[in-house]
Amino acid sequence: MSLDDWILALHVLSAFAFVAGTIVFWVLIVAVRKTDTPEGTIRMEPVVKVGNAATGIGAGGTIVFGIWLAISLDAYQVWDGWVIAAIVLWAISLATGQRTGVAYMQGMTKAQGLQTSGQTGPSAELLALNRTSNGVLLHFATTVAVLLILIDMIWKPGA
Amino acid sequence: MSVLAAIRPDEWNFPLFLHVLGAMILVGATLTAASALAFARGNPQLVRLGYWTLLVVGLPSYVLMWAAAHWIYSKEGLDGSGIDSAWATIGFVVAEGGAVLFVASLILGGIGVRRLGDGKGAGLLKATMVISLVLLAAYVVAVWAMAGKPD
């Protein structure tokens, strides 16, 4: 395998990590919709961290190795339309993903506050925060952006 | 082989898209399940989350990945011939061998979840978690091989 083959493999592995992180958050979004207790909400935190790690490694790896490939390979250039489209979609997915995190962290913060104050029973306010429709919409937007990147990478329009 | 893969005909794009999409969702489902089962520490909520993710998200995505892989293979006209490259061999071994492990993890996890109510099933669910971690490692190797295409 050449260096470019290795970089391509790392680029694709990063893309898998990015999408895996997106899937982790979809599962958590569905799971937390029925969660109205502080303990149940806080229990999701380690899985949230796994999702954050996968998304972070994936987002960083895709852009670094992707731009490396666009510079290194003669067939592609960083200013190719499909490459620019991928970078723009990547930035959109990062922005919406970050806002999704903010939306869902309100529930986690509320749960931690309730537990600290000794309120361990079900909370309608916590359930409402865990069911944030804004968060679902933002994660849907993130998913659409990631899906469009995948389509762009496979069809490479204009290449 | 990398050059051949880079200049694939356009009509292979759609099955390739489905294959990669299925594989990506499968990796995500396996990662979620393994994480939930690893951090559950006997908590039924996280145990069920891990198991149902494997069943409801992992199984359909595996079928999509596998079916699209065979679609591409038939489009290449290779389904009647032997596998002649290391990367395709790795892909098939992980897909077919992984299927056996995947089904085993679903059966063991299913029994484990059913026994949760009686305070049993922890060992079976631990086995499901270990299998999920093994599958995750195998998927990383398969993705590396499919993308890097070693000789």
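All values reported here derive from a predicted model rather than from experimental measurement. (Residues numbered from 1 in each chain as written. Chains lettered and ligands numbered in written order. Predicted model: local features only at pLDDT ≥ 70, side-chain atom pairs only at ≥ 80, totals over all residues.)

(A) The overall build of chain B, seen in detail. For chain B, the count of helices and strands is 5 helices and 0 strands. Counting from the amino terminus, chain B carries its helices and strands in the arrangement α-α-α-α-α. When the backbone C-alpha atoms are referred to their principal axes, chain B occupies close to 55 × 25 × 25 Å. Restricting to contacts in chain B with at least 6 residues of sequence separation, those with at least 24 account for 75%. (Helix = DSSP H or I, 4+ residues; strand = E, 2+ residues; numbered from the N terminus. Contact = placed C-beta atoms within 7 Å.)

(B) Layout of the interface of chain B and chain A. Taken residue by residue, the interface counts 29 residues in chain B and 25 residues in chain A. Every element with two or more residues in the side of chain B that touches chain A is listed here: α2 (13-40), α3 (44-75) and α5 (122-148) of chain B. Among the elements that make up the side of chain B that touches chain A, the one with the highest residue count is α2(B) (15 residues). Taken together, the residues of the side of chain B that touches chain A sort by class into 19 nonpolar, 9 polar and 1 charged. (Nonpolar A, V, L, I, M, F, W, Y, C, P; charged D, E, K, R; others polar.)

(C) How the structure looks around the packing of α3(B) against helix α4 (residues 86-115) of chain B. All names here are of chain B. Packing of α3 against α4 brings their axes to within 10 Å, and their N-to-C directions diverge by 155°. Put simply, α3 runs roughly antiparallel to α4. Handedness of the α3/α4 crossing: left-handed. Residue-level contacts link V47, R48, Y51, L54, L55, L59, Y62, W66 and A69 of α3 to A95, A99, F102, S105, L106, G109 and V113 of α4. Across the contact of α3 with α4, the residue classes tally to 13 nonpolar, 2 polar and 1 charged. (Axes fitted to C-alpha atoms, helices over the stretch in contact; angles between N-to-C directions. Parallel < 35°, antiparallel > 145°, perpendicular 65-115°, else oblique. Left-handed = near helix turned anticlockwise from the far one by under 90°.)

(D) Representation of the environment of A:A145 within the structure. All names here are of chain A. Inspection of the secondary structure assignment puts A145 in helix α6 (residues 133-155). In the structure, A145 is positioned 15 residues away from N130 in sequence and 23 Å away in space, judged by C-alpha atoms. Sequence-distant contacts of A145, that is, excluding residues within four places in its chain, are made with L89, I92, S93 and T96.

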